[in-house]
Each structure stands twice: as structure tokens, then as C-alpha cells.
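A structural walkthrough
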Amino acid sequence: MAQGFIQAYRQAPWRIQIQRIGSILLLMVVAALVAGVYLSISAQSSAIGVEIQVLENNRENMQREIANLKNQIGVLTSAVEMEKRAKEMGFEKVTTYDMEYMLVPGYPGRQTAMLAPFSGTEAANRQVSNPGFTTSLWDWLARGVNYLSEQTDEVLP
Amino acid sequence: MKTDFSTRLLFIRILFILAGAAILLQIVHLQTSASASDLRKLGELYSYKRELVYPERGYIYDRYGRLLAGNEQVYEVGVNLSEMRGQNNAQSIASVVSTVLDMDYNEVYGNLTNPKNPEAVYVVLKNYVSLEKGNRLKSIQNEYEKYIAEMGSAKSQSAPPNLRGLELAPHLQRSYPENNLASNILGFYTRNNEAVMGIESKYNDLLEGSPVEVVVSIDPNQIEEIPTIPSGASLILTIDREIQAEMENIIDRAVKSSGSISGTLLVYDPETGEFLAMASNPRMNPNVYWDYLDMKHFNRSVDYPFEPGSVFKVLTMAAALDNGTVQPDTPFVDTGVIEVGGLKIYNWDRSAWGPQTMLGCMQHSLNVCLSWVALQVGADNFYSYLKPSASVAAPTSTWPANHSGRWQCPAMETGMNPAWPPILSARDFPPRRCNW
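Residues numbered from 1 in each chain as written. Chains lettered and ligands numbered in written order. Predicted model: local features only at pLDDT ≥ 70, side-chain atom pairs only at ≥ 80, totals over all residues.

Let's talk about the overall build of chain A
Selection criterion: Helix and strand definitions here come from DSSP, where helices need a minimum of 4 consecutive H or I residues and strands a minimum of 2 consecutive E residues; each element is numbered from the N-terminal end.
Tallying secondary structure elements over chain A gives five helices and zero strands in all. Counted from the first residue to the last, chain A has its helices and strands arranged as α-α-α-α-α.

Rendered as C-alpha cells:
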């Protein structure tokens, strides 16, 4: 009786094989998906890494170019060049006898150059990734709660 | 039949399991073996490189922001020997480089085929190549590549000669757009990264900034932003470029017309003490500093003692006026000669100027009158006005000391004999007394 009961509910051998094959295939598909996602993310990360390297090289090139252009401006506006250009344009050098000095009320005179404040090393700690990516859920919630409490305080009488 | 198949299948299974287990064991072994840490270090060594990044050198401007010292882009031209294929390639590189950079063909070719270091993989042919020549080399290299691409035979054995391996590494070098203008003030910065003389040397710590060692990842997955290295601090001088240029023209003409060896000229604002110009002749062009290595005095306003001459009369008269010994309209009859301590002092033109006031004495720069004024002030009072300045170095002149330890300064009131750099006359006027 017992033997007959088991026999009645036992799977057919081909069905058991198909189940096993199906399970293995499922595992393989899952593994392939995970590997695919990993490869995709990894490739994107590498591509962005290379892009950062390229951009840093570009930045260095541009910094050199800026320095070079500043120097070229210096050469083009040098005292000798400016005098030469002025002569070519028909200007003549003024002497003390040709000059007339006028007092202009309120005019403070020609102002000397001022340099921008020294930038320091603040940029050295700049993060590549957006801070949003590194904020924890807890920090985000805490910030939200703080913001809401501040809003509430403001409307209280 | 069925049993044989099952046995084979079992054998294959065991084989795969054993192979997998062997791979796993090897992985575990590699991670835990004694040489694992060494391998990890070796891996890290190749995944990062350390670079010493030099910040851009700071600029020097005149008082209105006009550039006096900046930086320009130049190239280091070299050849990557591992990329240079064959003798034909070396010939074409040597030919192009020697033509564009005015170098000897045989020397360049010899460097490429027989480098001094046989294990060298990179040979520097020339450094500090101008942007124009570097770009010309680049365009020729591109033309070669374009030609090869059109021929379609670059990878074949019969590849035509090309410039592969030729590399141009851009970098900055110090540049002085005004050439020799104010060069005696600026100093210069050599290609060996040495700041020599002038502002360049004095404020080198500020101008050069701080080199920073950065770790650069080679692995693109580990990439990090290279920190921004702040440039060296820039400086604004009190010098006015236009006044400086004009003063240099004046001193150049004066030296030439008088047949003098040298000359110096200072312009400063008496209200603020700011120097507006400091011209010196001769002076150098710092862009080609190597042509002036035999120059003895770089900035005669600072490093060359001179007799102040009649400039000193201002001090003598100021002391007398302050002391109340004379007034601007105090009369004096100039006889053309005065004897002080056994020394006869004459006027600059050796003539007698007759009745004068103190104003006239100054206007005509009369030595006799000013000597008389100094005698009226008295030696002790006169010397007390010549207070030494602690910030000023002692002069290099060798005056004899008398019994009291004071330096003897005959005719000092007229500016004869004592000597110090002109800048001291302007900056620390009155400069000093004789007993240092």
C-alpha cells in the first residue's frame, strides 16, 4: 500500500532531469546577469576613469596654454612693441614742453594693480563624486528632520 | 553499454571537479602563501605612480599690472627608442629634427642609433624648443602619418620612413616679455631651476610655491582627481614700466654720449618711498642670461658703491636748516675756495660765485658754500645727523680711521670720498655717519 502511494506521486525520471537542468540553467542565467551587471558597471567606471585622466591632461594643457597666452600678451604689449606700434600709427613722443597738467576734482589718479587673494590649497580635497552618492540614509533623514523642525519653528507665533 | 557510458561520464565529472578544485586551491595558495604580500606590493607598484608636481612659477608685474616676468610653453624633444622602428626611421627623424632645430644630422643620428646608455629607452634630443618649432615638428609628423595612411602600408615590412617614436613633451620655462627692461631689478631664473639675483632670488620662496608629490593611479577603476597645486605667488612691484623704460633710454644715452663705463638712475616717490624706476647701464637680457655670464655688477643701484657727490648737499643743508644755523635767505659770499682741515675745496667749475643765499648755493651746487654751512653746523652736530641705519650694510670702501675711531671724511659735506650704493642715498637719506 505504502509502496503504491509513493509510486503514485513519484515524478517521472525525465521530469526530474528537466527540473535539474532548469535549476542549473536558472543559476547560470542569474550568474550571467550578475556578471553582466558587474561588467557593465566596471566598464562604465573604467571609462569614466579614463575620461577623468583625459580631462586632467586637458586641464594641464590649458593651464600651460593660458600661461603662454599671458606671456604673448606681455610680449605684444611690451614697452618697445607699444612704442613701435604708436609710431607706426603716427603718434609722436610727448615732451615736457608739450604737456599741460589739469586738476580734475575727485579723480583719485591711476590706481595700482591688485592681485586676487591667494587661492591656497582648498581645491586639494575636492571629491570626484557627488556628495549625494556618499550621504547615508540616516544623514539624509536627519537633515530632513532638522529642516522640517526649522520650518516649524519659523511659523510658530 | 549503459554502464560504460555512465563510467565515462563519472570520469569526466571527476576530472572537472579535480580541475576546479586545483584552480581554487591555487587561488587560496596565492592569497595565503609567503610571497603573497610581496606579490601584492609588486601589484601596487605597477598600479600607482608617484609624481612630483611643480606649481607654475608666480608672475612679476609692474605697479599697473603689466607683465615683467611670466612663463611660456616650450617642448622637450625626445625619441622613444622602443617605438622607433629600424634604421630608416632613425634617418628620417634625424633629418627632420636636425633641419627644424638647427642641429647636426650626424650627432642626432648617432644619438638615436648608438645612445650613450645602451639600455636607454628614451633619448632627449633637445630641450627648451620654442612653441613655433615644436608645432612645426608636430605638423611634419602628422603629414608623415597622413601619407602613410594614404599609402596603406604602415604595418607592412616595407613601411616607408616615418617619425614614429619622436615625442614632444610640453612644459613651461621662465620668460621676460620686456627683454632687458628692468632686468637689473628682476634678476633671472635659469633652466636649472635656480633663481639668480634681483626679485627672482630675493622672493624665490614665494614665487616658486611648494612642489607636491601626488600618487596617480594607473588603474582606471582606482582613478582619483589630481589635487590642484596652487601656483607660486605673484608679485606687484612699485616700478612703473613707462618711467623705467624712459629712464633706461636716458641713462643709455647719457652713458653713450659721455663715454662712461656705466651709469645708474633712480626715481622714487618721496612721499611714499616707493621706487618708480631703477635704471642701470649696462644691463642684460634675462631671456638669454648665458650671454652675460661675465657681467660683474648686476644692479649698480644696489651692489656698486659710488660717491653720492652733490646729492649729499641736500643732507648738509637739511641738517643746517633743522639745526637753525642757516635760513633759506642767509647770505654767503662765495670766493671760489675754502680750506677745511688743510684741504682746499673748490666749486665744481673752480670759479667764485659771489654773493649768494642758501637757496642760490643749492641751486648752483656750490661746494664752497656747503662746506661753510657744514662748518657752521659744527662737526658733532653734523655727525649726529648722519645716524646709521641698522638695516643697511656697511660700505665696502676703505676709509682710514683716525685716532678717535671715526672714519675721516674730508669734504664729506660736499659728497666727496664717502661711497655707498645709490639705493641707500634714496632710501635711507640721510644714510649714515662715518664711524660705523
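As for the packing of helix 11 (residues 312-323) of chain B against helix 13 (residues 367-377) of chain B
Residue and element names in this part refer to chain B. Rule in force here: Every angle, taken between N-to-C directions, lies between 0 and 180 degrees, and every axis is a line fitted to C-alpha atoms, over only the stretch in contact when it is a helix. In this scheme, roughly parallel covers angles under 35 degrees and roughly antiparallel covers those over 145, while 65 to 115 is roughly perpendicular and the rest are oblique. What makes a crossing left-handed is the near helix being turned counterclockwise from the far one by less than a right angle; a clockwise turn instead makes it right-handed. Residues are defined as contacting one another if the C-beta atoms placed from their backbone atoms lie within 7 Å. Under the scheme applied here, ten amino acids are nonpolar (Ala, Val, Leu, Ile, Met, Phe, Trp, Tyr, Cys and Pro), four are charged (Asp, Glu, Lys and Arg), and all others, including Gly, are polar.
It is at 10 Å that the axes of helix 11 and helix 13 come closest, and there the two elements cross at 40°. With respect to each other, helix 11 and helix 13 are oriented oblique. For helix 11 against helix 13, the interelement crossing comes out left-handed. In contact with Lys313, Thr316, Met317, Ala319, Ala320 and Asn323 of helix 11, helix 13 contributes Leu370, Val373, Ala374, Gln376 and Val377. Partitioned by chemical class, the residues of the contact of helix 11 with helix 13 number seven nonpolar, three polar and one charged.

Side note on the pairing of strand 14 (residues 343-346) of chain B
All names here are of chain B. Note the cut-off: Two strands form a pair only when DSSP identifies at least two bridges running between them.
Bridging between strand 13 (residues 337-340) and strand 14 involves four bridges; their strand directions are antiparallel. What sits directly across from Glu339, in strand 14, is Lys344. Between the antiparallel neighbours strand 13 and strand 14 lie two residues, among them Gly341 with a positive phi of about 55°.

Some remarks on helix 4 (residues 105-113) of chain B
The criterion, for reference: Neighbour density around each residue's C-beta defines its exposure: 20 or more other C-beta atoms within 10 Å make it buried, 12 or fewer make it exposed, and counts between make it partly exposed, where C-beta atoms are placed from the backbone. The directions from the helix axis to the C-beta atoms form the arc being described.
For helix 4 of chain B, every residue scored as buried is listed here: Val108, Asn111 and Leu112 of chain B. Taken around the axis of helix 4 of chain B, the buried residues stretch over an arc of 95°, which confines them to a single face.

Section: the domain arrangement of chain B
All names here are of chain B. What counts here: The source of the domain bounds is an automatic or database domain assignment.
Looking at chain B, the domain boundaries give domain 1 (44-71 + 177-302), domain 2 (82-164) and domain 3 (309-427). At the junction of the two partners, domain 1 supplies six residues and domain 3 supplies five residues. Counting residues per element, the ones that place at least two in the side of domain 1 that touches domain 3 are strand 10 (263-268) and helix 10 (300-303). Top element by residues in the side of domain 1 that touches domain 3 is strand 10. It accounts for three residues.

Considerations on the pairing of strand 1 (residues 48-53) of chain B
Residues and elements named next belong to chain B. Across the six residues that make up strand 1, only a small minority, zero, are buried. The pairing of strand 1 with strand 8 (residues 212-217) spans six bridges and is classified as antiparallel. The residue of strand 8 that forms the bridge with Lys49 is Val216.

What to know about the environment of Arg350 of chain B
Residue and element names in this part refer to chain B. Considering the arrangement of structural elements, one finds Arg350 in the loop between strand 14 and strand 15 (354-357). For Arg350, a count of 9 C-beta atoms within 10 Å puts it in the exposed group. Once the C-alpha coordinates of Arg350 and Val368 are considered, the two residues, 18 residues apart in sequence, prove to be 9.8 Å apart.

Describing helix 9 (residues 241-258) of chain B
As a reminder, the rule being used: How far a helix is expected to stretch is found by multiplying one less than its residue total by 1.5 Å.
With 18 residues, helix 9 of chain B should cover 26 Å at 1.5 Å per step; its first-to-last C-alpha distance of 25 Å lies within 8% of that length. Arg241, Gln244, Ala245, Met247, Glu248 and Ile251 of chain B are the residues of helix 9 of chain B that are buried. Projection of helix 9 of chain B onto a plane perpendicular to its axis shows the buried side chains occupying an angular sector of 165°, all on one side. Facing away from the buried side of helix 9 of chain B by over 90 degrees, the exposed positions are Arg253, Ser257 and Ser258 of chain B. Contacts from the buried residues of helix 9 of chain B go to helix 3 (79-88) of chain A together with strand 10 and strand 11 (275-281) of chain B. In the segment just after helix 9 of chain B, Gly259 of chain B is the residue with positive phi, at about 70°.

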